[in-house]
Amino acid sequence: MNDLFLSFVPGKSFLHRLDPRTKVLGLMAVSFCILKVSSFEIMALMAIIFAILVIACHLPFLHFVRSVRPMLPFFTFIFLMQLLFTEGTHLFDFGLLKGTYEGFLLGSILALRFIFLILFAALITATTSPSGITSGIERLLRPLPLKYLGISSHDLAMMMSLSLYFVPMLFDSFRDLRDAQISRGLDIRKEPVKAIMSLTVPLVRMALRSVDEVALAMESRCYTGEGRSSMYVLEFRSLDYALLVFYCVLLFLLYI
Amino acid sequence: MLNVNHFQTTNSNNIKKMVFASLFAALMAVGAYVEIPIPASPVPITLQTFFVLLTGAILGARWGTISVIVYLLLGIAGLPVFSGGSSGLGMIFGPTGGFLIGFMFGAFIIGYLSDRFGTKNIGLNIAIMLAGLSVIYVFGILQLMNVADLSLTQALVLGMIPYLPGAVLKLIAAAVISSRYSLNQE
């Protein structure tokens, strides 16, 4: 289950030391900028900024290749659709398939946009621990009127940690169950329907039992969603304030 | 099956639903990894949408929506819980982000209708989940058209038609399961 947390690379660079809130807000600002970009020059500028940040933080480039890979087939489809179905000067012509120059430009801008969106998000998650992001998100959500939903931002953060506990637990119990059933003579390839039944029913049973246990544990420790203190206290430094002002100026310039 | 209660105090129902919502968020995250190849479709089906449909019907509007929100927050926090193991805020703003936003509203619609009409009847469940699923697709297709600059037909070909056979199977399975188990009518 270690690969679930591989997205975080520990370190001591300036991005690591920034407040998680600054980073999450910065990522939002950058995402809005990226969605507005429509020329290759600014794309190149983005790429340079990204490369400088990665090198300054001593992060491996391979890490970012891995974060983009799952979505690449989808981006390729979008690129091909733009290439083949945009009207304009013909670049090539294979009977039914006609590629146009305008389509090529539009398609590559779009694909690059999506790749940069993912890359910058990966940059943030590589430099912030999951618990750091959780507490940052918790603090950012606090002013929202969540109490009309009947829940506090602490509850949401608590539920995020609970899910983080359940995911490896589900994987582990699934592996145990599969081994147990195989050692009792279950052939998954021969009888798939029977295999699904004999794996899911005990898995659901185990999950429900651990829900009961966790709920009992929280209840007996008098869990409440309000006025909780945290182990990691977030604090804004002067660099964080400077960056916040910078985001505001950037977004102001972009939308004026 | 869900009525095995070893304890009962004033606040326990809320805490229990909260833990259940977290479990469903975890199931959605795991479901994105479970790929089942089916014959009549070019893409494998993932269990993510299945759990989104189920969470609305089983947990109801409020906790169903919260469960999806927790799932999205996990993805934003950088855990690889979105389909194919991707994550980050970039996915929400990206071409497939509409589906993720749609999950939230889909779970709410399904939860609201299930609270209103009950979930005992399989036929009714199918109708309710169809409504929820179409909400998910409306959000997904609109964002795909908008962000990736596609026409309606192109967006449908890319984002909806290959997934339809799988979606029908998932919908029926979710409807049958939610007719058996529910936390709401306790």
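This is a predicted model, so every value here is computed, not measured.

Our next topic: the overall build of chain A. Of the regular secondary structure elements, chain A holds 10 helices and two strands. Starting at the N terminus and walking to the C terminus, you meet the elements of chain A as α-α-α-α-α-β-β-α-α-α-α-α. Relative to its length of 256 residues, chain A is extended, with a C-alpha radius of gyration of 24 Å against a globular reference of 18 Å. Dimensions of chain A, computed from C-alpha atoms along their principal axes, come out at roughly 65 × 60 × 40 Å. Buried positions account for 42% of the 256 residues belonging to chain A. The long-range share in chain A, meaning contacts at least 24 apart out of those at least 6 apart in sequence, stands at 70%. Accessible area for chain A stands at about 14900 Å²; split by element, carbon and sulfur atoms hold 69% of it. The average position of the 23 basic charges and that of the 19 acidic charges among the side chains of chain A differ by 3 Å.

Before going further, it helps to examine the interface of chain B and chain A. Contacts between chain B and chain A engage 52 residues on the former and 56 residues on the latter. When chain B packs against chain A, the two sides together hide about 4800 Å² of surface, and 81% of this comes from carbon and sulfur. In this assembly, chain B and chain A are joined by one salt bridge. Between Asp212 of chain A and Lys16 of chain B there is a salt bridge, with its nearest N and O atoms 3.2 Å apart. Counting across the interface, chain B meets chain A through two residue pairs in polar contact (both at pLDDT 80 or more). Mapped onto the side of chain B that touches chain A, the elements with two or more residues apiece are α1 (12–31), α2 (48–76), α3 (89–93), α5 (122–148) and α6 (152–159) of chain B. By residue number, the principal contributor to the side of chain B that touches chain A is α1 of chain B, which donates 14 residues. Of the residues contributing to the side of chain B that touches chain A, the split by class is 35 nonpolar, 14 polar and three charged.

Here the focus is the nonpolar core. Membership of the largest hydrophobic core comes to 113 residues, with the highest contact counts inside it found for Phe120, Leu123 and Leu156 of chain A together with Val19 and Tyr71 of chain B. The greatest single-element share of this core, amounting to 17 residues, is contributed by α2 of chain B. If we ignore the near neighbours within four places in the chain, the residues touching Leu123 of chain A are Leu15, Phe50, Leu53, Val54, Leu59 and Phe64 of chain A.

Our next topic: helix α2 (residues 20–36) of chain A. The terminal C-alpha atoms of α2 of chain A lie 25 Å apart, and with 17 residues this matches the ideal 24 Å at 1.5 Å per residue to within 8%. When we look at burial in α2 of chain A, the residues that qualify are Pro20, Arg21, Thr22, Lys23, Val24, Gly26, Leu27, Ala29, Ser31, Cys33 and Ile34 of chain A.

So, about the side chain of Asn125 of chain B. Along the chain, Asn125 of chain B turns up in helix α5. The class for Asn125 of chain B is buried, based on a relative accessible area of 2%.

For the rest of this paragraph, the subject is the packing of α5 of chain B against helix α7 (residues 164–180) of chain B. Residue and element names in this part refer to chain B. Put simply, α5 and α7 touch, their axes get as near as 9 Å, and they point 135 degrees apart. Classified by the angle between their axes, α5 and α7 sit oblique to one another. With respect to the hand of their crossing, α5 and α7 are arranged in right-handed fashion. The residues of α7 that touch α5, namely those facing Ile122, Asn125, Ile126, Met129, Leu130, Leu133 and Tyr137, are Ala167, Leu171, Ala174, Ala175, Val176, Ser178 and Ser179. For the contact of α5 with α7, the class distribution of residues is 11 nonpolar, three polar and no charged.

In this section: α2 of chain B. Counted at 1.5 Å a residue, the expected span for α2 of chain B with its 29 residues is 42 Å, but the 16 Å between its end C-alpha atoms falls short. The largest bend in α2 of chain B comes to about 135 degrees, at Gly60 of chain B.

Turning to the packing of aromatic side chains, a few remarks are in order. Residue and element names in this part refer to chain A. Following the criterion strictly, the structure yields 10 aromatic pairs over all chains and no others. Between Phe75 and Phe114, the aromatic rings sit 5.4 Å apart at their centres with planes inclined by 35 degrees, giving tilted as the arrangement. Residue Phe75 is found in helix α5 (residues 72–85), and its partner Phe114 is found in helix α6 (residues 101–127); the two are separated by 39 residues along the sequence. There is no split in this pair, since Phe75 and Phe114 are both buried. An aromatic cluster of at least three residues, connected via ring pairs, comprises Phe50, Phe64, Phe116 and Phe120.

It is worth spelling out the confidence of the model for chain B at this point. Residues and elements named next belong to chain B. Of the residues in chain B, 83% have a pLDDT of 70 or more, and the chain-wide mean is 80. The model gives residues 5–10 a pLDDT under 50, and that stretch makes seven contacts with residues more than four places away or in other chains. Predicted as a complex, the structure gets a pTM of 0.80 and an ipTM equal to 0.79.

Here we come to the packing of helix α3 (residues 40–56) of chain A against α6 of chain A. Residues and elements named next belong to chain A. Between α3 and α6, the shortest axis-to-axis distance is 11 Å and the interhelical angle comes to 20 degrees. It follows from the interaxial angle that α3 and α6 lie roughly parallel. In this structure, α3 meets α6 at a crossing whose hand is left-handed. Where α3 approaches α6, its residues Phe40, Met43, Met46, Ala47, Phe50, Leu53 and Val54 are matched on the opposing element by Leu105, Ser108, Ile109, Leu112, Arg113, Phe116, Leu119, Phe120 and Leu123.

So, about the UniProt feature "transmembrane region" (unreviewed entry) in chain B. Residue and element names in this part refer to chain B. When the UniProt feature table is mapped to this numbering, "transmembrane region" (unreviewed entry) covers residues 20–38, 50–77, 89–110, 122–144 and 156–177. When the span residues 50–77 is considered, its composition is 96% helix and 0% strand, and the gap between its end C-alpha atoms is 23 Å. Annotated as 82% helix and 0% strand, the span residues 156–177 places its first and last C-alpha atoms 29 Å apart.

Further remarks concern the pattern of salt bridges. All names here are of chain A. A complete count under the given rule lists three salt bridges over all chains for this structure. The salt bridge partner of Arg21 is Asp19, with a shortest N-O separation of 3.1 Å. Across the pair, Asp19 and Arg21 agree in class, each one buried.

What counts as what
Throughout this description, residue numbers start from 1 for each chain and increase along the sequence as written. Whichever chain is written first becomes A and whichever ligand is written first becomes 1, with later ones labelled in order. The predicted nature of this model means local features are confined to residues of pLDDT at least 70 and side-chain atom pairs, given and counted, to a pLDDT of 80 or more, with totals for whole chains, interfaces and linings taken over all residues. The side-chain numbers reported here are obtained from all heavy atoms of the structure, hydrogens and water having been left aside. Numbering of helices and strands starts at the N terminus; helices are DSSP runs of H or I of at least 4 residues and strands are runs of E of at least 2. C-alpha atoms define the radius of gyration, and 2.2 Å times the number of residues to the power 0.38 defines the globule rule. Only protein chains enter the accessibility calculation, which uses a 1.4 Å probe. A residue is then buried if its area is under 20% of the maximum for its type, exposed if over 50%, and partly exposed in between. In this description, contact between two residues means that some pair of their heavy atoms is separated by no more than 4.5 Å. Note on areas: Shrake-Rupley with a 1.4 Å probe; residue coverage comes only from the protein chains shown. Positive charges come from Lys and Arg, negative ones from Asp and Glu, while His and the chain ends are left out of the count. The location of each charge is read from NZ of Lys, CZ of Arg, CG of Asp or CD of Glu. The quantity reported as buried area is the accessible area (1.4 Å probe) lost by two parts once they are put together, taken as the sum for both. Here, a salt bridge means any Lys or Arg side-chain nitrogen found within 4 Å of an Asp or Glu carboxyl oxygen. Any pair of nitrogen or oxygen atoms within 3.5 Å is treated as a polar contact; in protein, a donor-acceptor pairing is required on top of that, and neighbouring residues in sequence qualify only through side-chain atoms on both sides. Only Asp, Glu, Lys and Arg are considered charged, only Ala, Val, Leu, Ile, Met, Phe, Trp, Tyr, Cys and Pro nonpolar, and every remaining residue, Gly among them, polar. Here the nonpolar core consists of buried residues drawn from Ala, Val, Leu, Ile, Met, Phe, Trp, Tyr and Cys, with membership extended through side-chain atoms lying within 4.5 Å. Helix span is expected to be 1.5 Å times the residue number reduced by one. Between N-to-C directions, angles cover 0 to 180 degrees, with each direction set by a line fitted to C-alpha atoms, over the stretch in contact for helices. Working rule for angles: under 35 degrees goes down as roughly parallel, over 145 as roughly antiparallel, 65 to 115 as roughly perpendicular, anything else as oblique. By the definition used in this description, the sense in which the near helix is turned from the far one sets the handedness, with an anticlockwise turn below a right angle giving left-handed and a clockwise turn giving right-handed. Throughout, bend refers to the angle between the axes fitted to the seven residues that end at a position and the seven residues that start at it. Within 6.5 Å between ring centres, the rings of Phe, Tyr and Trp (the latter by its six-membered ring) count as paired, and their orientation is classed by plane angle as stacked under 30 degrees, edge-to-face over 60, tilted in between. Known as pLDDT, the predictor's confidence for each residue is given on a scale from 0 to 100. UniProt positions are given in the numbering used here, feature names are shortened, and annotations may be inferred rather than shown by experiment.

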